[in-house]
Amino acid sequence: MSEKADCNDSKCPFHGGLKVRGRILEGRVSSLKQQKSAVIEVDYIVDMKKFQRFEKRRRKIHAHVPDCIKLKVGSLVEISSCRRLSKTISFVVTKVLKV
Ligand SMILES: [Zn+2]
């Protein structure tokens, strides 16, 4: 990512004190209306054993966006789970895969 000087975010996994752990997911940015956080849409597949089929589901996850990561609506991003940052946020954007 960018230089240390550019990022003053204490909740940044690269330049701040935030530790990421647990799940890593890929998703698409669906909203950037909140300050320093984004709504990420994540598609996942559930195995329906009873019907021997897979079901596609979509989940919306709120994630923190560190200062050093620039996003647009529609960007493909990688998010990692971290400690709970607020009532709805326990993920942080760690990588932009496609702008
Ligand atoms: Zn940073």
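First, a word on what this report is: a plain description of the structure on this page. (Residues numbered from 1 in each chain as written. Predicted model: local features only at pLDDT ≥ 70, side-chain atom pairs only at ≥ 80, totals over all residues.)

Moving on, we get to the overall build of the protein chain. Check the secondary structure of the protein chain and you find zero helices and five strands. Seen in sequence order, the protein chain has helices and strands lined up from the N terminus as β-β-β-β-β. C-alpha extents for the protein chain along the principal axes are approximately 55 × 25 × 25 Å. Sequence separation of 24 or more characterises 53% of the internal contacts of the protein chain that already satisfy a separation of 6 or more. (Helix = DSSP H or I, 4+ residues; strand = E, 2+ residues; numbered from the N terminus. Contact = placed C-beta atoms within 7 Å.)

What follows is about the environment of Ile61. Tracing the backbone shows Ile61 in strand β3 (residues 53-64). The spatial distance from the C-alpha of Ile61 to the C-alpha of Ile40 is 5.1 Å, given a sequence separation of 21 residues. In contact with Ile61, not counting residues within four places along its chain, are Gly27, Ile40, Val42, Ile79 and Phe91.

Okay, the pairing of strand β2 (residues 37-48) next. Note that strand β1 (residues 20-31) and β2 share three bridges and pair antiparallel. Looking across to β2, one finds that Val29 is bridged to Ile40. A loop of five residues connects β1 with β2, the two strands running antiparallel in sequence, and Lys36 in this loop sits at a positive phi of about 60°. Relative to β3, β2 is paired through 12 bridges, and the arrangement is antiparallel. By the bridge assignment, Asp43 is partnered in β3 with Arg58. Counted along the chain from β2 to the antiparallel partner β3, the turn is four residues long, and its residue Gln52 has a positive phi close to 50°. (Pairing = 2+ DSSP bridges.)

Here we take up the pairing of β1. Bridge analysis of β1 against strand β4 (residues 76-82) gives six bridges, and the strand direction is antiparallel. Residue pairing for β4: Gly27 is matched across the bridge by Val77.

Read around the barrel, five strands follow the order β1-β2-β3-β5-β4 and close on themselves; strand pairing throughout is mixed. Strand-to-strand, the axes of this sheet are offset by a mean angle of 45°, without reference to chain direction. (Axes fitted to C-alpha atoms, helices over the stretch in contact; angles between N-to-C directions.)

Another point: the nonpolar core. Membership of the largest hydrophobic core is limited to 12 residues, which are Val29, Ala38, Ile40, Ala63, Val65, Ile69, Val77, Ile79, Cys82, Phe91, Val92 and Val93. Contributing elements (two or more residues each) for this core: β2, β4 and β5 (89-98). Look past the residues within four positions of Ile69 in its chain and what remains in contact with it is Val93 and Val96. (Core = buried A, V, L, I, M, F, W, Y, C linked by C-beta atoms within 7 Å. Buried ≥ 20, exposed ≤ 12 C-beta atoms within 10 Å, placed from the backbone.)

What follows concerns the environment of Arg23. Within the element layout of this structure, Arg23 appears in strand β1. According to the C-beta neighbour criterion, Arg23 is exposed, with 10 such atoms within 10 Å.

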